[in-house]
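A closer look at the structure
The lines below spell out each chain.
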Amino acid sequence: MITSKGTVIKINANDVSGKGKLTVIAEKPIQKIVFGVAEETTQRSSVFTYTCDRTKFEGGFIVKEPLLWNVSTPHLYTYALRIVYEDEEEIAEGKFGFRSISTNGKEICINETPVFIRGFIRGATAHDHDNNCGLSEEEFYRKNIRQAKRFGFNFVRFHSVVPSETYFKVADEEGILVHIELRMPDDIYNNLREMTTTGNMLVSDEYLVEVIHRLYNHPSLCVYCIGNEIRHLAANERVEEIFKIIRKEDDTRLFLDTCAWGENNRANVDIDVQHLSYYFPFNSHANMYEDTENLLVVGTDAKQPLYSEGESSSVSRELFFNVPLIAHEVCHYTALRDYKALKAKFKKYGAKEPWWIDEELKMIETKGYTARYDEMYQASKYFQRECWKTAFEAMRRSKLLGGFHFLQFADTDVYENSNGVVDCFDEETATSPEEFKLFNGDRVLLAELNSRLFFDGTELCVPIQFSNCGEDKDKKADFQYVLMDANGECYAKGDLKNVDVSRKGLYTICKLRLQLPKVVDSKELSLQVALMKGEETYARNAWRIWVYARRERISYQDFVRYEKGDIIITNDVEKALLALNEGKKVCLVYRQAWTRHVIQKDMQNPEYAFHASWNRFKPVIWDRGTNYGGICNAELLNKYGFSSGRFYDFNFGTLSEDCDKINLDGFPCETENLISGIDKSCRDRFDAYKDCFNLPELMYDRTLRDFSYLFSLKVGTGKLLVCGLNLTGLDREEPSTQCMAEFLLRYLSSEDFAPQTGTDLSTLTEYLRECAKTPVKERMMTQFWAMDDTPVESKQFWKDSKAYLIEESK
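Residues numbered from 1 in each chain as written. Predicted model: local features only at pLDDT ≥ 70, side-chain atom pairs only at ≥ 80, totals over all residues. Heavy atoms only, no water.

Overview of the overall build of the chain
Within the chain, the regular secondary structure consists of 17 helices and 37 strands. Dimensions of the chain along its principal axes, counting C-alpha atoms only, are 105 × 65 × 65 Å. Burial statistics for the chain: of 810 residues in total, 60% are counted as buried. Counting every atom, the chain has about 32700 Å² of accessible surface; 47% of that belongs to carbon and sulfur. Of note, the chain has its 103 positive side-chain charges centred 2 Å away from the centre of its 126 negative side-chain charges. (Helix = DSSP H or I, 4+ residues; strand = E, 2+ residues; numbered from the N terminus. Buried < 20%, exposed > 50% of the residue type's maximum accessible area, 1.4 Å probe, protein only. Areas by Shrake-Rupley, 256 points an atom, 1.4 Å probe, with all protein chains shown as cover. Lys, Arg positive; Asp, Glu negative; His and termini not counted. Charge placed at Lys NZ, Arg CZ, Asp CG, Glu CD.)

Written out as structure tokens, the structure reads:
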């Protein structure tokens, strides 16, 4: 605390036993100090009197049996300080809390109890929003913190910002831990500039000391960090100078030099925050939160290389961490927004409406989505939530991590990207706190499911883990499980009495063994688990899995050569066109190298092609990617044996990974969409950046495109079913791929395969020829997302990607 007279008051209460230390630094000699401490709940108070003859005073005090400050019970003490000088007195009042901050190697500990850091990010422009509800500053912050805690968060990282003291007052009262980044107030963070230049403007001594003195008494302050993604800090002597000043002025908090891109096991840091890639923890990257190879891109000095090329070989260092490791900027998975509802809210609160709301509504209308947009919105939010659940659970299962910084809890109002759990008014949208806390609460049950897709009759052994970070003292709970379908039919059920829940941290509580039921074609099941204390639910969770009947093996090549009667399945466009000319029923399995042109830029044009994008089964990461989920014709898919809900889900996790998602914008006729894909509704940041492409408006040719994985149409006297799904899993006897192949055969043979809209053969042929003239070149961030082969973008990638987009098409 710094008083209006410039007096510094520091109360060191970093102790769980009640021992404290009072420091007062004045501008003139102090004669006497009277220090009163009171706690409202117990109404206990103490008064301590000290004499002094210097400008700086240090003295101890003890509060017996203190009530401790933590996230769950943020107990605060009120203090009143009377400072007597020779010629006057000074009165100061404030609050502080008893709590200790330490680490145990893997986790940050509050009051000697391990805490799994469930942080979210705000501060920088892209990660924050204005006070759109018109609240007081205090209530603006209070609303955000209360909402964040309702969704299970316990920590907030202020990206490149030191928040106001009002924020800390509220954080102390509500109970949330705060990480600040020591950037000069007039040095505004610029994401695009610093992505390519890695800015390293470091704070002055004067500002640093002023921040420490001003915020010292706030128990919510947990971490001092110099800044975001500052590279090559090892050679910067200023970093050590800052560290020494912080340690001298405040040795009760944790210190971090850079949020991401710091060297492995460098000196002087109490925690580490590292970027564990832009992968999605599913399929081939399921272990991304355990894989230290993702951190090799950080690099280090020549004395201790992380990676080395040898003769016909290479070697990489296995990294380890002797301080808690926090995952950097995770899960910034975007989805559509409810623009009409947002527009109404801005009007209701009298706040300035962002430019992009009307532009998005205009694009929705122009592209013909108005009637179905509400369902598109729900589908995108569903996929976003399921991806959050998958990633959050992967982090809670990680033996490497002590927490994460989530990007982000509340939507920004500056950009159209929507990666928040709540909107830019800090109000709920499509996800409830109860749903979210299943995977982000103090207590989370976890299942080690190596897949979601299984053959029937498979015997599963599922380790059940418990991430227990609650502050309760409970000892035992009963474990219960059930495997059931949507109609409530039970296939497995049981319990295990008196499971130990007294331990904190991550541990396996049991192994669940069960045999999956036999099914006719396919079935969606729900595995539900719970820990119960009597009638009270202590923790619970659930996972959807899909079970498929075993089928006779057929290879991919045999499948795409299928011919029987008037039905042809082929992956050859020309052959498909010839068959359509003969009036046949054709399934074109569309899988083309042309869709993947970005990895082989000198390839020859094919004769025919669709406008297709290279799809990955992973969400859009801020502006990287094209997958906002999708909408399925569930009635038709289920009728012919492929289990599906209305929304695109993890049953497409194999089929839509590395597949060709076809863009129907500009297609010569209406089609009947069996499985649609929803494109992102936001710009690539480099398109909008004035020093790159300088295209600030929404570009309709690369935004909210009408994607399809499976659609049908009439072509002359023939019928065409176009499948962009990846069916190469047939060669691995992958369950969902075999089931989809069977669905395609059944559907082609059915009376339901009777598309009502279409075009003539010559129009379709000319369209496909025109599409083949130039490849679909996704924008810079999406190129990286589609290639999916490196953890983060490099400077060389930015250079090559930009050149690829501006060069003349070959």
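Continuing now.
Re the packing of aromatic side chains
For the coordinates displayed, the defined rule picks out 66 aromatic pairs. Here Tyr-77 and Phe-96 contribute two aromatic rings whose centre-to-centre distance is 5.8 Å and whose plane-to-plane angle is 25 degrees, an arrangement assigned as stacked. Taken together, the residues Tyr-77 in strand β6 (residues 77–84) and Phe-96 in strand β7 (residues 89–96) connect sequence positions 19 residues apart. Judged by centre distance (5.8 Å) and plane angle (80 degrees), the rings of Trp-388 and Phe-436 are edge-to-face. Taken together, the positions of Trp-388 in helix α8 (residues 373–397) and Phe-436 in helix α9 (residues 433–440) put the pair 48 residues apart, joining distant regions of the chain. Members of the aromatic cluster, each reached through a chain of ring pairs, are Phe-116, Phe-120, Phe-151, Phe-153, Trp-388, Phe-392, Phe-404, Phe-406, Phe-409, Phe-436 and Phe-439. The ring of Tyr-216 has Lys-10 sitting right over it, with the charged end atom 4.9 Å from the ring centre. (Phe/Tyr/Trp six-rings, centres within 6.5 Å; stacked < 30°, edge-to-face > 60°. Lys NZ or Arg CZ within 6 Å of the ring centre and 35° of its normal.)

Concerning the environment of Met-603
Considering the arrangement of structural elements, one finds Met-603 in the loop between β31 (585–589) and β32 (612–615). Along the sequence, Met-603 and Val-37 sit 566 residues apart, while their C-alpha atoms lie 76 Å from each other. With near-sequence residues (within four places) excluded, Met-603 lies in contact with Ala-593, Trp-594, Arg-596 and His-597. (Contact = heavy atoms within 4.5 Å.)

Some words on the environment of Gly-119
Along the chain, Gly-119 turns up in strand β11 (residues 117–122). The spacing of Gly-119 and Val-330 is 211 residues in sequence and 9.9 Å in space, taken between C-alpha atoms. Dropping the residues within four chain positions of it, Gly-119 is found in contact with Phe-153, Asn-154, Phe-155, Phe-404, His-405 and Phe-406.

Quick word on the sheet that holds strand β28 (residues 536–548)
Read across the open sheet, the 5 strands follow the order β22-β28-β27-β24-β25; overall the sheet is mixed. Pairing within the sheet leaves two strands with one partner each, and these edge strands are β22 (453–455) and β25 (490–500). Within the sheet, the average angular offset between the axes of one strand and its neighbour, ignoring direction, is 25 degrees. Across 12 bridges, the pairing between strand β27 (residues 522–533) and β28 is antiparallel. (Pairing = 2+ DSSP bridges. Axes fitted to C-alpha atoms, helices over the stretch in contact; angles between N-to-C directions.)

A closer look at the confidence of the model for the chain
Predicted confidence across the chain gives a mean pLDDT of 94, with 97% of residues reaching 70 or more. Across residues 195–199, where pLDDT falls below 50, the model places 12 contacts with residues more than four positions away in sequence or in other chains. (pLDDT = per-residue confidence, 0-100.)

Quick look at the packing of helix α4 (residues 205–215) against helix α5 (residues 237–249)
Where α4 contacts α5, the axes come no closer than 10 Å and their chain directions differ by 30 degrees. Compared by their axis directions, α4 and α5 come out roughly parallel. α4 and α5 meet at a crossing whose hand is right-handed. Here α4 contributes Asp-205, Leu-208, Val-209, Ile-212 and His-213 to the contact with α5, which in turn contributes Arg-238, Ile-242, Ile-245, Ile-246 and Glu-249. Residues that form the contact of α4 with α5 fall into these classes: 6 nonpolar, 1 polar and 3 charged. (Parallel < 35°, antiparallel > 145°, perpendicular 65-115°, else oblique. Left-handed = near helix turned anticlockwise from the far one by under 90°. Nonpolar A, V, L, I, M, F, W, Y, C, P; charged D, E, K, R; others polar.)

Thoughts on the pattern of salt bridges
As enumerated under the stated definition, the model contains 72 salt bridges in all. Because the salt bridges share partners, they merge into one network encompassing Glu-138, Glu-139, Arg-142, Arg-146, Lys-169, Glu-173 and Glu-174. (Salt bridge = Lys/Arg side-chain N within 4 Å of Asp/Glu carboxyl O.)

Observations concerning unusual backbone geometry
Of all residues except glycine, most have a negative phi; of all peptide bonds, most are trans. The peptide bond linking Leu-407 to Gln-408 adopts the cis configuration, its omega dihedral lying at 10 degrees. You can see Gln-408 is positioned in the loop between β20 (403–406) and α9. A positive phi angle, close to 45 degrees, is found at Glu-329, a residue other than glycine. When you line up the elements, Glu-329 lands in strand β19 (residues 325–330). A positive phi is found at Trp-622, a non-glycine position, where the angle reads about 65 degrees. With respect to the helices and strands, Trp-622 occurs in the loop between β32 and α12 (634–639). Judged by relative accessible area, Trp-622 falls into the buried class, the value being 9%.

Details of the pairing of β7
Looking at chain direction, β6 and β7 are connected through 8 bridges and run antiparallel. Paired with Leu-81 across the bridge in β7 is Ala-92. What sits between the antiparallel neighbours β6 and β7 is a turn of 4 residues.

Overview of the pairing of strand β13 (residues 177–181)
Taken across its 5 residues, β13 has 5 buried, putting it largely inside the fold. Residues Leu-177, His-179 and Glu-181 of β13 are buried on one face, and the alternating residues Val-178 and Ile-180, pointing to the opposite face, are buried as well. In this fold, the crossover linking strand β12 (residues 155–158) to β13 by way of helix α2 (residues 165–174) has right-handed handedness. (Right-handed = clockwise from strand over helix to strand, strands pointing away.)

Some thoughts on the side chain of Arg-779
Mapped onto the fold, Arg-779 is located in the loop between α15 (761–771) and α16 (780–787). With sequence-adjacent residues up to four places away left out, Arg-779 is seen in contact with Asp-684, Asp-687, Phe-693, Leu-695, Arg-702 and Leu-805.

What to know about the state of the cysteines
Applying the stated criterion across every chain, the model contains 0 disulfides. Free cysteine Cys-771: the closest other cysteine sulfur is in Cys-669, separated by 12 Å. (Disulfide = S-S within 2.5 Å.)

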